[in-house]
Amino acid sequence: MFRAALWLLLVCFGACSLSAQAIRYLPEKRLWVITTSQNSYVMGLGPQGQLEHIYWDAPLWRTEDLQAVTAKRDISSFDPHQMLENEEFPGWGGPLYDEPALKITRSNGDRDLVLRYVSHHIDGDQLDIQLKDIHDAVNVTLHYRVYPTMGILSRWATIANGTKQDFTIVSAQSAAWYMPPGTGYRLSYLSGRWAAETQLNREPIHEGIKVLESREGHTSHNFNPWFAIDDGSATEQNGRVWFGALAWSGNWRISVEQTPYRQVRVTGGLNPFDFSYHLKPGESLTTPQFYGGVAQHGFGEASRLLHDLERADIEPHGLKARVRPVLYNSWEATTFHVNEEGQKALADKAAKLGVELFVMDDGWFGARNDDHAGLGDWTVNRQKFPNGLAPLIAYVNHLGMDFGLWVEPEMVNPNSDLYRAHPDWVMNFPGRPRSELRNQLVLNLARDDVKEYIYGALDKLATEYNIRYFKWDMNRTFSEPGWPEVAPEDQQKLWVKYVDNLYDIIDRLRAKHPNLEIESCSGGGGRVDLGILRRVEEFWTSDNTEAFDRLRIQEGFSQAYSAKFMSAWVTDVPNMNHRSTPLQYRFLVAMQGALGIGANLNKWTEEDTQLATKMVAIDKRIRNTVQLGDLYRILSPRTNDTTANEYVARNGDQAVLFAFRHSQQYNTPPPTIYLRGLDEHAVYHVESIDGKLVEKSEALSGAYLMHHGLDFKLTDDFDSTLVILKKQ
Ligand code: DGJ
């Protein structure tokens, strides 16, 4: 509400009129001004018709202040003026040595590309700017969609062949973003590996290029397509932070470059590595959306803006989507050894805990008894389920839970009926080895016959059974990405066409089965990005469910993605890193996302069951706040012996504070925790779930909670607590 009012004030001042337009063109200065509640974005036309970036920072309200673009001079024969021009979407042509946004090779071998302004069109919150090469009809449309109250701009481009000859695109980026000129910037990014995803890094930006990317075909565990840049001094609460996230689930790249001219720029889009996209006359390629914004109040606000955008505009049902239900998943309890009786026994126990969505994981189909066979054969294994899945699903539904099913549609085991029938369906270079990982090969989803097979198999399952939820897994990286059935010049389109077809399958499935929900899993967090989020309700964050490790994985995840999409399970101990933590600790870690339980409930004691039932009930009281509220990261697990995260409901009525003590030495008390985002003048009812709060008063003011802070008795290793605040 406040953000919307602020934005209205800004645009009304700026336009000197009452029409609240986020995008304006100033013809006398040949400038475009895009205004949001958090920032302004300005572009202008140079004397030669080049589109230059001018400004991306705090909101500007007075258009009279803005100058038209003037001509720049060469500094030397080694430093041409083009290097100073900050072209909004630089084509590789003329004397340009920075990272291009577009590079092509024409059929006659010419590669020079100099893009100039042709026209533009403003339609509400979207601006399209048409550019064209100086000589031929290599047409580029730059798309800008603004989210005025969220401070975010989405950028992407369409490259169309309007010439009479073929040409090949060798680099197609979505956008180049420019920081205000200067040095001393710092880059934040997420890196990791399987079972250790989304680790937050912060490092200074120096001259040269830092590349974040995936070459693996999927989004990747190694880097996530998100960045944040600050001047080196921002904190969670203070300082300007430029940030962006790319919506693409295939090979992507974000390069962060500091030029010798004190200019930091971030270029991102389709990874040019092994990339080639051939366009015949009349054909086009559209790049993924690259969302970007500037927050004025630190890394915390940058995350909250992205979270808002995801919930309002990106996830499939937007603000109408339900909060994520409490889930049970059988994987860690049973691995491949699923059968009707065993799943029913787990379902009984899960229902008693208050679980709402019961998901059967791997092992239910084909000859799937371990990871050597069965992938590709999406028919029910009749030894394990003699009467199909219907009796189990009816049982689960009768217990009051929805039913979900694990699938891994993009893969095939060589030991499967599908592979025996269609060995040509996997990506391969003829006559060369086909590398197996986890004993499986990747189907070439770029092929339309493969796409139809996968769609058909999933549609059949969703039609035949009352399946509310697919856990869509993808358990290996690409190798030998050959597509021998198409002309050599089209074979590298596989990288893009694969993802287009993946999206198309999910879009069609969802259209036909409107209640179907999907979890994006790729051996944990290998496919977490805003492109797939348009089509799924949850991400499987990591195969590492060990609660202490999770704190850092979740901290990194939360930089870019809302808690609502962060599937988080409570599992048994000792877990994969041999660590054991108390059950309450495990619950509270998982309750900071979409709560799931992945433990073997058959082995739980009565005491475990009682505690779990209590925690699930608490989760249901606070999940609206956690999943839909504002996140404040108060103490980071990277730098403290205590982690604290607070979530505040959007209407301010409830706030919840999670605190975790990893270990203590010398009997040192844990740090005082200062809450954030509360109403100073309000009084809150204070409920500690376990009596570990030192303050005994049941009512405290927002001012006290934020300025005096709260103290806790967190004395044990892996101690934890939760406080629920209710505005009175
Ligand atoms: C990898 C996933 O990340 C796990 O949760 C589980 O579904 C297995 N695959 C099943 O094979």
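Above: the structure in question.
Caption draft 1: How the structure looks around the site of the ligand. Taken together, 13 residues lie around the ligand, and D361, D362, K471, D473 and D543 are the ones closest in. Within the side chain of D361, an N or O atom sits 2.7 Å from an oxygen atom of the ligand. Measuring from an oxygen atom of the ligand, one finds a backbone N or O atom of G524 at 3.1 Å. Bound to the protein, the ligand loses 98% of the 290 Å² it would expose on its own. Here the ligand occupies the second largest pocket. Looking at the shell around the ligand residue by residue, the class counts come to 4 nonpolar, 3 polar and 6 charged.

Caption draft 2: The arrangement of the sheet that holds strand β34 (residues 683–688) in detail. Strand order in the open sheet made by the 6 strands is β31-β32-β33-β36-β34-β35, with antiparallel pairing throughout. For this open sheet the edge positions go to β31 (630–635) and β35 (699–701), each flanked by a neighbour on one side alone. Within this sheet the neighbouring strands show an average axis-to-axis angle of 25°, counted without direction. Pairing geometry for β34 and strand β36 (residues 719–727), over 5 bridges, is antiparallel. Counterpart to Y684 in the pairing with β36 is K727.

Caption draft 3: Inspection of the side chain of N329 at higher detail. Secondary-structure assignment places N329 in strand β21 (residues 327–329). Judged by relative accessible area, which is 1%, N329 ranks as buried. A polar contact of 2.9 Å, which involves the side chain of N329, links it to the side chain of D361. Every residue in contact with N329, bar those within four places of it in the chain, is listed here: V359, D361, K471, W569, I597 and G598.

Caption draft 4: Layout of the packing of aromatic side chains. One pass over the full model with this rule turns up 31 aromatic pairs. Between W378 and W406 the ring centres are 6.4 Å apart and the planes differ by 50°, which places this aromatic pair in the tilted class. In this pair, W378 is assigned in the loop between β22 (357–360) and α5 (390–398) and W406 in strand β23 (residues 402–407), connecting sequence segments 28 residues apart. Accessibility expressed as a relative area gives 9% for W378, which makes it buried. One aromatic cluster is present, formed by Y41, W56, Y144, W177, F227 and F290 through successive ring pairs. Taking the ring centre of F273 as reference, the NZ or CZ of R215 above it sits at 3.8 Å. The side chain of R550 reaches across the aromatic face of W540, ending 5.1 Å from its centre.

Caption draft 5: Broad picture of the packing of helix α10 (residues 547–560) against helix α11 (residues 583–590). At their nearest, the axes of α10 and α11 sit 9 Å apart, and the two run at 15° to each other. It follows that α10 is roughly parallel to α11 by the angle criterion. Read as a crossing pair, α10 and α11 show a hand that is left-handed. From α10, A547, F548, R550, L551 and Q554 reach across to α11, where they touch Y585, R586 and V589. The residue makeup of the contact of α10 with α11, split by class, is 5 nonpolar, 1 polar and 2 charged.

Caption draft 6: The arrangement of the pattern of salt bridges in detail. Counted by the stated rule, this structure contains 51 salt bridges. Across the salt bridge formed by R106 and D136, the nearest N and O atoms sit 2.6 Å from each other. Of the two residues, R106 sits in strand β5 (residues 102–106) while D136 sits in the loop between β7 (126–133) and β8 (138–147), which places them 30 residues apart along the sequence. In this structure, the salt-bridge partner of D690 is K692, at a minimum N-O distance of 3.6 Å. Salt bridges sharing common partners tie together R322, R324, D402, R468, E517 and E538.

Caption draft 7: The arrangement of the sheet that holds strand β1 (residues 23–26) in detail. The antiparallel open sheet is built from 4 strands, whose spatial order is β1-β2-β3-β4. The open sheet has two edge strands with one neighbour each: β1 and β4 (51–57). Between one strand axis and the next, the sheet turns by 15° as a mean value, whatever way the strands run. Taken together, the 5 bridges between strand β2 (residues 31–35) and strand β3 (residues 40–45) define a ladder with antiparallel strand orientation.

Caption draft 8: Spotlight on unusual backbone geometry. Of note, the amide linkage connecting V573 to P574 takes the cis form, showing an omega dihedral of -5°. Within the secondary structure layout, P574 lies in the loop between β29 (566–570) and α11. Residues other than glycine seldom take positive phi values, yet R30 does so here, at roughly 55°. Within the secondary structure, R30 sits in the loop between β1 and β2. Given the relative accessible area of 33%, R30 is considered partly exposed. Positive phi, close to 40°, is recorded for T198, a residue that is not glycine.

Caption draft 9: Expanded view of the pairing of β2. Here β2 lies mainly inside the structure; 5 of its 5 residues are buried. Side chains of β2 alternate between two faces, with L31, V33 and T35 and W32 and I34 buried alike. Across 4 bridges, β1 lies against β2 in antiparallel orientation. Considered in β2, the bridge of Y25 is made with W32.

Caption draft 10: A look at α10. Over its 14 residues, α10 runs 20 Å from end to end, which matches the ideal 20 Å to within 8%, given 1.5 Å per residue. Most of α10 is tucked away, with 11 of its 14 residues classed as buried. The set of residues buried in α10 consists of A547, R550, L551, I553, Q554, E555, G556, F557, S558, Q559 and A560. Sitting at the amino-terminal end of α10 is E546, which places a side-chain oxygen 3.2 Å from the backbone nitrogen of F548.

Parameters at a glance
- Residues numbered from 1 in each chain as written.
- Predicted model: local features only at pLDDT ≥ 70, side-chain atom pairs only at ≥ 80, totals over all residues.
- Heavy atoms only, no water.
- Near = heavy atom within 4 Å.
- Polar contact = N/O pair within 3.5 Å; in protein donor to acceptor, adjacent residues only side chain to side chain.
- Areas by Shrake-Rupley, 256 points an atom, 1.4 Å probe, with all protein chains shown as cover.
- 1 Å grid on protein atoms, 1.4 Å probe; cavity = no way out; pocket = protein on both sides within 12 Å on 5 of 7 lines; lining within 4 Å.
- Sits in = over half its atoms within 2 Å of the grid points.
- Nonpolar A, V, L, I, M, F, W, Y, C, P; charged D, E, K, R; others polar.
- Pairing = 2+ DSSP bridges.
- Helix = DSSP H or I, 4+ residues; strand = E, 2+ residues; numbered from the N terminus.
- Axes fitted to C-alpha atoms, helices over the stretch in contact; angles between N-to-C directions.
- Buried < 20%, exposed > 50% of the residue type's maximum accessible area, 1.4 Å probe, protein only.
- Contact = heavy atoms within 4.5 Å.
- Phe/Tyr/Trp six-rings, centres within 6.5 Å; stacked < 30°, edge-to-face > 60°.
- Lys NZ or Arg CZ within 6 Å of the ring centre and 35° of its normal.
- Parallel < 35°, antiparallel > 145°, perpendicular 65-115°, else oblique.
- Left-handed = near helix turned anticlockwise from the far one by under 90°.
- Salt bridge = Lys/Arg side-chain N within 4 Å of Asp/Glu carboxyl O.
- Expected span 1.5 Å × (residues − 1).

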